[in-house]
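# Descriptive structure summary
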Amino acid sequence: GNGPSGICLSYLLSGYTPYFKRHSLHPHPILQRKLEEAPEVSVLDQDLEYLSEGLEGRSQSPVALLFDTLQRPDTDFGGTAESVLTWWHEPDRAIPHLVLGKNAPGGAWHSIEGSMVTLSRGEWMGLPDLPFKEWLKQKRRGLRNNRATAEDIAQYYQHYVVMKGLQKNFKCGTFVTSVRKVSAESISNHTQKDLQEDNDSLWNSNEQSTEVFQVDGFFKIVKGAKEPFSIYAENVVLATGTYDNPTWLGVKGENLSYVHHQLSALEEAVKNNGVGIMSDPVLIVGAGLTAADAILFAHHCNIPVIHVFRRRVSDPGLIFNQLPKMMYPEYHKVHQMMKEQTAACAGPYECYISLPEHHVLSFGKDKKCILQDKNGCQKAYKISMALVLTGSNPNLSFLPNNGIDLAIDSDQPVNPKRNPIDVDPFTYECTQEKGLYALGPLAGDNFVRFVQGGALAVASSLLKKANKNPP
């Protein structure tokens, strides 16, 4: 995967090394004291468990909180204190690696409608040692409400890879079809010699590891042709995110052509005049931020909407009840519409009806959709198209058994929120499979600002394995 997790890890594996900046002051006094104990030792080589002990914040991962607070010391309190890290390029500590991705660097950020404003503040989208705000300034653009568009972020990630000289590690247009362990003996001698010729290689000739990973897949080359490849590696990092497989409701008629599972379908329909002011309503299912983005988009285009979701409007688990109003005025507006515009009482917003505590029973060929409320009462609505926006799941079909054996609950599919891959919190190595690591949403870190601590943990672990740590 070549999204923010993969890019950040590539930076750390390319010899870029973080140290505590002398004379800088961290607002957390205990962390400051720990950092002062060994300023000459890189953060990568320190005991991450010791440094992160006692930190609190908006993530469950101690290392995510550590790396975040080193880069943005008081950001949760609205402060703008500078990072307490300084970065040194130490090429002799680089670890050879490849970053495989389907799209350009930036991963799923290239698949999101470009004008969408991000949930997170702009400065939280930045990667190490190139503040997002400074990059935007060079583009002579300000941040709206401290937040950035998806297009800005996708461009920033591509720019970051070039600025930091990481391009040689990135192979785009790559599709991985299989990752599995094989015995080192089964690889042809010819391949082993090639690998050992490079002294810096991860292969340590004096203690040849008995098992390696074989990564198979294909490169997309011009005119749709595919070129197969096989790569052998002692360590593999899964950083494929969660954008691949939209969740289906599993109801009758969901595979009909007017039922869609991505916001882009609505944008396409508007562009091609498939829906408009005079159309039957668009049905939007879901109560997360993607559903809210679809409602805002439809509202902007004056397209009538019927909005169906299972929860109560006041449910504390609803994302809108967790967002500060000042920072997210447009999501607050959607939440207000959800409250005031129920079918029972028409509110001030035309073209929108909210149906809380309802679910879809079926979609008909005649574009009639049957909904049911909490009391079992059913209603039929004629619609022009349906958007089912209830989240997405990772695609791990390239792993044995779809990666289920790696999850915390190994009877259930991997899910970023409910059932992430089980990893060691200080190395991010899979507890079930040594040499395999998981980063980002697959390991339960769902925000860009918090995926970077996972990359720090992986890099620290790989450096120890490769013996590239100074004494």
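Scroll up to find the structure.
My aim in this report is to walk through the structure given alongside it, one point at a time. Chains are numbered independently. Their residues run from 1 in the order of the written sequence. With the structure being a predicted model, the display of local features is reserved for residues of pLDDT at least 70 and the display and counting of side-chain atom pairs for 80 or more, all residues being used for whole-chain, interface and lining totals. The basis for every side-chain value is the complete set of heavy atoms in the structure, and neither hydrogens nor water enter the calculation.

As a further point, take unusual backbone geometry. The phi dihedral of Asn 302 is positive, around 60 degrees, even though this residue is not glycine. A run of DSSP states H or I qualifies as a helix once it reaches four residues; a run of E qualifies as a strand once it reaches two. Both are numbered from the N-terminal end. Within the secondary structure, Asn 302 sits in the loop between α9 (289-300) and β14 (305-308). A simple rule labels every residue: compare its accessible area, found with a 1.4 Å probe on the protein chains alone, to the largest value its type can have, and call it buried under 20%, exposed over 50%, or partly exposed in between. Asn 302 gets classed as partly exposed once you look at its relative accessible area, which sits at 42%. Positive phi values are uncommon outside glycine, yet Glu 357 reaches one of about 55 degrees. For Glu 357, a relative accessible area of 26% corresponds to the partly exposed category.

With that out of the way, let us pick up the nonpolar core. Counting 72 residues, the largest nonpolar core has Leu 238 and Ile 421 as the members making the most contacts within it. It is helix α11 (residues 448-465) that contributes the most residues to this core, nine residues altogether. By definition, residues are in contact when any of their heavy atoms lie within 4.5 Å. Setting aside chain neighbours within four positions, we find Ile 421 in contact with Leu 238, Leu 396, Leu 406, Ala 407, Ile 408, Val 414, Cys 430, Ala 438, Leu 442 and Ala 443. In terms of nonpolar packing, the next biggest core, distinct from the first, is built from 29 residues, Val 275, Leu 323, Tyr 331 and Leu 387 among them. Each nonpolar core is a collection of buried residues, namely Ala, Val, Leu, Ile, Met, Phe, Trp, Tyr and Cys, held together in the definition by side-chain atoms within 4.5 Å.

This part is about the packing of aromatic side chains. When two rings of Phe, Tyr or Trp (its six-membered ring) have centres within 6.5 Å they constitute a pair, described as stacked for plane angles under 30 degrees, edge-to-face for angles over 60, and tilted for the intermediate range. The final tally for this structure, using the stated rule, is nine aromatic pairs. When the ring of Tyr 156 is compared with that of Tyr 160, the centres are 6.2 Å apart and the planes differ by 50 degrees; the resulting orientation is tilted. Linking Tyr 156 with Tyr 160, this pair stays in helix α6 (residues 150-163), spanning four residues, or about one helical turn. Three or more aromatic residues joined by ring pairs form one cluster here, namely Tyr 11, Tyr 16, Phe 67, Trp 87, Tyr 156, Tyr 157 and Tyr 160. Two limits define a charge over a ring: the Lys NZ or Arg CZ must be within 6 Å of the ring centre, and within 35 degrees of the ring normal. A cation over a ring is seen here: Lys 34 above Tyr 50, with NZ or CZ 4.8 Å from the ring centre.

It is worth spelling out the pattern of salt bridges at this point. A side chain of one charge can pair with a side chain of the opposite charge if their charged atoms are brought near each other. Each reported salt bridge corresponds to a side-chain nitrogen of Lys or Arg within 4 Å of a carboxyl oxygen of Asp or Glu. Throughout the structure, instances matching the rule amount to twelve salt bridges. With a closest N to O distance of 3.1 Å, Asp 68 and Arg 72 form a salt bridge. Like Arg 72, Asp 68 is buried. In this structure, the salt-bridge partner of Lys 374 is Glu 357, at a minimum N-O distance of 3.7 Å. Taken together, the positions of Lys 374 in the loop between β17 (368-373) and β18 (378-382) and Glu 357 in the loop between β15 (352-355) and β16 (358-363) put the pair 17 residues apart, joining distant regions of the chain.

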